[in-house]
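Results of the structural survey
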Amino acid sequence: MEPQPSLKKKTIGGLAWSFGDLVGNQGIQFLIQIILARMLLPEHFGLIGMILVFIALSNSLVDSGFTQALIRERNASQVDYSTVFYFNLLISMMIYGILYVTAPVISSFFGEPQLVSLVRVLSIGIVINSFAIIPKAMFAKEVNFKAQAAINLSASIISGVIAIGLAMAGYGVWSLVLRQLSLNAIQSLLFALTKKWIPSLVFSIASFKRLFGFGWKLLVSGLIDTFYTNVYFLIIGRQYSAVQLGFYTNASRFSEIVSQNLAATILRVTYPVLSSIQDEHERLKQSYKNITKLAAFLIFPIMVGMAAVGEPLVLLVFGEKWLPMVPYFQLLSIAGMLYPILALDLSILQVKGRSDLYLQLEIINKISLTILLVLAIWLELGVIGLIAAAILNTYLEFFVNSHFSKREVAYPAREKVKDLLPVYLLSFVMGAGVWVLGALLETGILIQFLLQVAAGIAFYIAACRIANIAELKTVYRLILPIIRKKG
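Model, not experiment: these values are computed from the prediction. (Residues numbered from 1 in each chain as written. Predicted model: local features only at pLDDT ≥ 70, side-chain atom pairs only at ≥ 80, totals over all residues. Heavy atoms only, no water.)

In this section: helix α19 (residues 413-440). Taking 1.5 Å per residue as the helical rise, α19 with its 28 residues ought to reach 40 Å, and the 39 Å between its terminal C-alpha atoms agrees with that figure. Where α19 bends most, the angle comes to about 45°, and this point is L420, followed within four residues by the proline P422. Those residues of α19 that fall on the buried side of the exposure criterion are A413, K416, D419, L420, V423, L426, S427, M430, G431, V434 and G438. (Helix = DSSP H or I, 4+ residues; strand = E, 2+ residues; numbered from the N terminus. Expected span 1.5 Å × (residues − 1). Bend = angle between axes of the 7 residues up to and from the residue. Buried < 20%, exposed > 50% of the residue type's maximum accessible area, 1.4 Å probe, protein only.)

One can find A296 in helix α13 (residues 281-308). Exposure remark for A296: the relative accessible area of 0% places this residue in the buried category. Between the alpha carbons of A296 and L420 there is a distance of 6.7 Å; along the sequence they are 124 residues apart. Those residues within four positions of A296 in sequence are excluded, and the remaining contacts are P301, I341, L420 and V423. (Contact = heavy atoms within 4.5 Å.)

Right, let's get into the side chain of S60. Its location among the elements puts S60 in helix α2 (residues 42-63). By relative accessible area, S60 is classed as buried at 18%. Excluding residues that lie within four positions of it along the chain, S60 makes contacts with L219, G222, L223 and T226.

Moving on, we come to the environment of P422. With respect to the element layout, P422 can be found in helix α19. For P422, a relative accessible area of 34% gives the class partly exposed.

The subject of this paragraph is the confidence of the model for the protein chain. Across the protein chain, pLDDT averages 83, with 86% of residues at or above 70. Mean pLDDT across the elements of the protein chain bottoms out in helix α21 (residues 470-486) (63) and peaks in helix α5 (residues 115-122) (95). Taken together, the stretch residues 1-5 has pLDDT below 50 and engages in 8 contacts with residues farther than four places along the chain or on a different chain. (pLDDT = per-residue confidence, 0-100.)

On to the pattern of salt bridges, then. With the rule as written, the count across this model stands at 4 salt bridges. Linking K289 and D419 is a salt bridge whose minimum nitrogen-to-oxygen distance equals 3.7 Å. Of this pair, K289 sits in helix α13 while D419 sits in helix α19, and the two are 130 residues apart along the sequence. Assigned by exposure class, K289 and D419 land together as buried. One salt-bridge network, held together by shared partners, links K289, E415 and D419. (Salt bridge = Lys/Arg side-chain N within 4 Å of Asp/Glu carboxyl O.)

Core analysis: the largest hydrophobic core is formed by 133 residues, its most contacted members being L36, Y232, Y248, F254, F300, F318 and M325. Top element by residues in this core is α13. It accounts for 14 residues. When residues no more than four places from it in sequence are discounted, the contact partners of F318 are F30, Q33, I34, A37, R38, N250, F254 and M325. Counting 5 residues, the second largest nonpolar core, distinct from the first, contains F139, A147, I151 and F191. (Core = buried A, V, L, I, M, F, W, Y, C linked by side-chain atoms within 4.5 Å.)

Another aspect to go through is the packing of α2 against α5. How two helices pack is summed up by the angle between their axes together with the distance between the axes. Where α2 meets α5, the closest approach of the two axes is 10 Å, and the angle between their N-to-C directions is 45°. The angle between α2 and α5 places the two elements in the oblique class. Like other packed secondary-structure pairs, α2 and α5 cross with a definite hand, here right-handed. For the pair formed by α2 and α5, the contact residues are L47, M50, I51 and I55 on the first element and L115, L118, V119 and L122 on the second. For the contact of α2 with α5, the per-class residue count stands at 8 nonpolar, no polar and no charged. (Axes fitted to C-alpha atoms, helices over the stretch in contact; angles between N-to-C directions. Parallel < 35°, antiparallel > 145°, perpendicular 65-115°, else oblique. Left-handed = near helix turned anticlockwise from the far one by under 90°. Nonpolar A, V, L, I, M, F, W, Y, C, P; charged D, E, K, R; others polar.)

Next up on the list: a nonpolar patch on the surface. The grouping of I363, I367, I371, L375, W378, L379 and L381 at the surface amounts to a nonpolar patch, some 730 Å² of accessible area in total. On the secondary structure map, I371 appears in helix α17 (residues 355-378). (Patch = residues over 30% accessible without salt bridge, like charges linked within 9 Å, V, L, I, M, F, W, Y side chains within 5 Å. Areas by Shrake-Rupley, 256 points an atom, 1.4 Å probe, with all protein chains shown as cover.)

Following the sequence through the fold, S130 ends up in helix α6 (residues 124-130). In this structure the side chain of S130 is engaged in a polar contact, spanning 3.5 Å, whose partner is the side chain of S92. At 2.6 Å, the side chain of S130 forms a polar contact with the backbone oxygen of V127. (Polar contact = N/O pair within 3.5 Å; in protein donor to acceptor, adjacent residues only side chain to side chain.)

Set out below in structure tokens:
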């Protein structure tokens, strides 16, 4: 059995590099997004938003649940990796062919003639991405996020420079398309060169059946989740204009910088680590519980704070022409609060090998979201109503997920609510205070924003100290050694 200190060191090291990847890579991408948003028009982002659901679904199909299956496999062999590689490559080529042929149908659905060429070019990235799936799985299995951080940062910088140059030259929406393609190509190339893995000329039916036996349920649930994650782009693009979709697209990407990226950072580290102790029930529960509480401690105040400073933040970052996206951004930030917690609940089912429960959960949760979306459309509540449906559904998901996951780790919803409620309430009290402060201040936008952020951080830390929130001490223990080392 692996000693506890070794597991803890492995987890903290992985989290540190994964968080560094988040800050560096996403920070660069965010900066590039800001520059491009100031140079391009909302409708340019709206056109890309119309295609996102098809690209996202295609990437899920290509992976087919094999990445998680390989990570969970304790002794994955060269035959396993090679089999998955060839399958992924074949599927990616087939999907590209389908998208190429159906591009005119997609264009007709949205009523946008430009989409034919945009779909055919942007979907090339699906094939390119298939070359990086195995190296990424290997790095994740090793909890080696240092190399991934370097690769992602390099690819983000180079692709960003290319996109900005194209935007300056007047290429409009094509600067966004070529940014994504160059990002895919550079990442795949660097992953291949860094890992130096070459597939063998072998395809094992036995290996395929074993891995797909675990992965197919994750594939179906992944497709369902991906579709519903991107269904808003489909509905808004069809029902409303490219301009409104552009506002929603940037608001969504802006809010996801913290919620989904932080969740992804936590999950890609904790999944292989928790998988290594999947048979140690008490240790697994305690680790899962600690990670959940730490995730909430970090994500709740950030998301509520972002909603509270939404207007000055959007004005400072994107400029006045993007002001209509503020209410979208604020509501999406609130909707994103629980995302890391929901993702952890689903992850623990994967760790325990219960991909059947994972699939059942996805179906139940998406049925409830479908009902809420249909009601929002039927009542003609607009984009705001659609986002409100998402917020309500996240709370329904929280209790449904907790009910299912407690069977595997004995961490029921009642205990989870008790653990998370203090930071949840403190976050909303902090957010209300920050919003009121902004309404009372009569200063410039920059000064208002800085004062609101400083007041929010100070209040949250002080309140956590008074309430004796244990996660504050955990964060101190992680950060102080780094500060002392640099000092």
